[in-house]
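Residue-level listing of the chains:
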Amino acid sequence: MKITVVGASGLIGTRLSDSLRRSGHEVTAASLSLGVDTVTGKGLDAAIAGNDVIVDATNAASFGDSTALDFFKASTKNLLAAAADAGVGHYLALSVVGTPRLVESDYFHAKMVQENLIRASNRPYTILRSTQFYEFISGLIDIGAQGDVFRLPPALIRPVAAADVAAFLAELTVATPLGGIVEIGGPEQFGIDELARIYLAANEDERQVITDPSTSYFGVELTDDALLPDAAARLAAETLSAWLYQSMAD
């Protein structure tokens with residue numbers, strides 16, 4: 001199968017591209033660093049021409065303002081137009097668990113717009129929503145950093161290894177388009193405050209975590225289950241402790 005991975009230089013895109021190549025597929029890697037700009041359209045047609053599937057693993061450079069909306073609107077419209085011109089048979093995009101519940105946030109509003117554009121495009125599609133990656137826990141807990149303490153909500157989350165997300169994405173890439181949304185989360189459930197305590201302790205960071213339900217997440221106050229995947233979600237295998245052990249060893 002011939003596949004274009006857009007955002008191929010990122011955390012998921014790199015792993016996905018490697019996995020697909022190991023399985024014998026022909027992968028065209030597309031990213032800004034490789035000369036493909038999805039916002040302007042530069043290099044896009046050449047990267048997609050003759051390919052069967054597009055995987056959109058792009059992300060905005062900024063999360064806290066209108067930049068994300070501008071990015072996802074322009075990028076997704078250009079990708080969908082290029083897919084239509086090339087007759088691509090499957091458009092697959094990576095999104096975020098909880099997106100419809102968090103649209104008061106600029107970033108999640110932008111992700112909802114991305115999803116809606118894909119659904120309205122009349123292209124055969126699949127959208128994979130993932131929970132937060134273990135690799136981004138540091139950034140996640142930084143939302144509550146105040147001096148030498150972290151003020152974090154007890155809202156529940158099922159963090160997941162990027163490798164497990166990329167593996168599921170690889171399965172979906174070569175499967176029949178779902179024409180819908182599927183979700184993935186990690187095998188364990190934590191409060192964000194609890195997750196921070198585990199992560200900081202593993203890194204021998206003695207800063208204190210204070211539980212504070214009012215701490216916002218990308219501008220939104222969280223309900224207990226806003227970040228949890230649905231009951232039908234794929235639950236990945238790698239536990240937080242296994243990932244922490246491996247990350248310390250690397």
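Reading the values: the criteria
Residue positions are counted from 1 within each chain, in the order its sequence is given. Restriction of local features to residues with pLDDT of at least 70 applies here, the model being predicted, together with a cutoff of 80 or more for giving and counting side-chain atom pairs; totals for whole chains, interfaces and linings are based on all residues. Remark: hydrogens and water are excluded; side-chain values derive from all non-hydrogen atoms of the structure. Categorising residues by exposure relies on relative accessible area from a 1.4 Å probe, with only protein chains included: less than 20% of the type maximum marks a residue as buried, more than 50% marks it as exposed, and the intermediate range marks it as partly exposed. A run of DSSP states H or I qualifies as a helix once it reaches four residues; a run of E qualifies as a strand once it reaches two. Both are numbered from the N-terminal end. When DSSP finds two or more bridges between two strands, those strands count as paired. We call two residues contacting when some pair of their heavy atoms lies within 4.5 Å. Fitted lines through C-alpha atoms serve as axes, helices being fitted only where they are in contact, and the angles separating the N-to-C directions of these axes extend from 0 to 180 degrees. The span expected for a helix works out to 1.5 Å for each residue beyond the first. For this document, the term salt bridge refers to a Lys or Arg side-chain nitrogen within 4 Å of an Asp or Glu carboxyl oxygen. In these notes, a set of buried Ala, Val, Leu, Ile, Met, Phe, Trp, Tyr and Cys residues joined through side-chain atoms within 4.5 Å is what counts as a nonpolar core.

*Asks:* Quick question: what am I supposed to make of the pairing of strand E9 (residues 180-185) here?
*Replies:* Looking along a regular strand, one sees side chains alternate from face to face of the sheet. Of all 6 residues in E9, 5 are buried; the element is thus mostly enclosed. Bridge analysis of strand E5 (residues 125-130) against E9 gives 5 bridges, and the strand direction is parallel. Looking at the pairing, Leu128 lines up with Val182 of E9. Looking at chain direction, E9 and strand E14 (residues 234-235) are connected through 2 bridges and run parallel. Counterpart to Gly185 in the pairing with E14 is Leu235.

*Asks:* What exactly am I supposed to notice about the sheet that holds strand E3 (residues 53-56) here?
*Replies:* What the 7 strands build is an open sheet, ordered E2-E1-E3-E4-E5-E9-E14; its pairing is parallel. Strand pairing shows two members of the sheet lacking a second neighbour, strand E2 (26-30) and E14, which therefore form its edges. With 4 bridges connecting them, strand E1 (residues 2-6) and E3 associate as parallel partners. Following the sheet pairing, Val6 is matched in E3 by Asp56. Packing of helix H4 (residues 106-119) onto the sheet brings it into contact with E3, strand E4 (90-96), E5 and E9, and relative to E4 it is tilted by some 160°.

*Asks:* Help me out: how do you make sense of helix H6 (residues 162-173) in this one?
*Replies:* Owing to its 3.6 residues per turn, the α-helix brings residues three or four apart onto one side. Between its terminal C-alpha atoms H6 stretches 16 Å, which fits the 16 Å expected from 12 residues at 1.5 Å a residue. Listing the buried residues of H6 in full gives Ala162, Val165, Ala166, Phe168, Leu169, Ala170, Leu172 and Thr173.

*Asks:* Quick question: what am I supposed to make of the pattern of salt bridges here?
*Replies:* Think of it this way: side chains of opposite charge can pair up when their charged atoms draw near. Within the structure shown, the criterion is met by 7 salt bridges. Linking Asp205 and Arg207 is a salt bridge whose minimum nitrogen-to-oxygen distance equals 2.7 Å. Through salt bridges with shared partners, a single ionic network connects Glu115, Arg119, Arg129 and Glu183.

*Asks:* Would you mind showing me how to read the pairing of E3 here?
*Replies:* Where burial is concerned, the two faces of E3 agree: the one with Val53 and Val55 and the one with Ile54 and Asp56 are both buried. Summarising the sheet, E3 and E4 pair through 4 bridges and their orientation is parallel. Of the residues in E4, the one forming a bridge with Ile54 is Tyr91.

*Asks:* What is the right way to look at the sheet that holds strand E6 (residues 145-146) in this model?
*Replies:* Paired through their backbone hydrogen bonds, the strands of a sheet run either parallel or antiparallel. Strands sit in the order E6-E7-E11 across an open sheet of 3 strands; the sheet is mixed. Two strands lie at the open edges of the sheet, namely E6 and strand E11 (208-211), each paired on one side alone. Helix H7 (residues 192-202) rests against strand E7 (149-152) and E11 of the sheet, and its axis sits at about 175° to E11.

*Asks:* I'm lost on unusual backbone geometry in this one. Help?
*Replies:* The general pattern is negative phi for most residues beyond glycine and trans for most peptide bonds. For Glu204, which is not glycine, the phi torsion reads 55° and is therefore positive. Turning to its location among the elements, Glu204 is positioned in the loop between H7 and E11. Taking relative accessible area as the criterion, Glu204 reaches 74% and is therefore assigned exposed. Of note, Phe218 is a non-glycine position whose phi angle comes to about 50°, a positive value. Inspection of the secondary structure puts Phe218 in the loop between strand E12 (216-217) and strand E13 (220-221).

*Asks:* In this structure, what is going on with the environment of Pro187? I would like to understand it.
*Replies:* Locating Pro187 in the fold gives a position in the loop between E9 and strand E10 (190-191). Considering only alpha carbons, one finds Pro187 and Thr239, 52 residues apart in sequence, at a separation of 6.3 Å. Contacts of Pro187, omitting those with residues within four sequence positions, involve Tyr134, Arg158, Ala236, Ala237, Glu238 and Thr239.

*Asks:* Can you help me understand the nonpolar core in this one?
*Replies:* Across soluble globular proteins, you tend to see nonpolar side chains buried next to one another. Ranked by size, the top nonpolar core spans 33 residues in total, and within it Leu102, Ile141, Ile192, Leu222 and Leu240 carry the most contacts. At the level of secondary structure, the elements contributing two or more residues to this core comprise helix H3 (67-86), H4, helix H5 (137-141), E7, H7 and helix H8 (240-249). Considering every element that reaches this core, the biggest residue donor is H7, with 5 residues. Ignoring anything within four residues of it in the chain, the contact list for Ile192 reads Leu140, Leu152, Pro153, Pro154, Ala155, Ile157, Leu222 and Leu227. Core analysis: the second largest hydrophobic core is formed by 24 residues, Val27, Leu128, Val160 and Ile184 among them.

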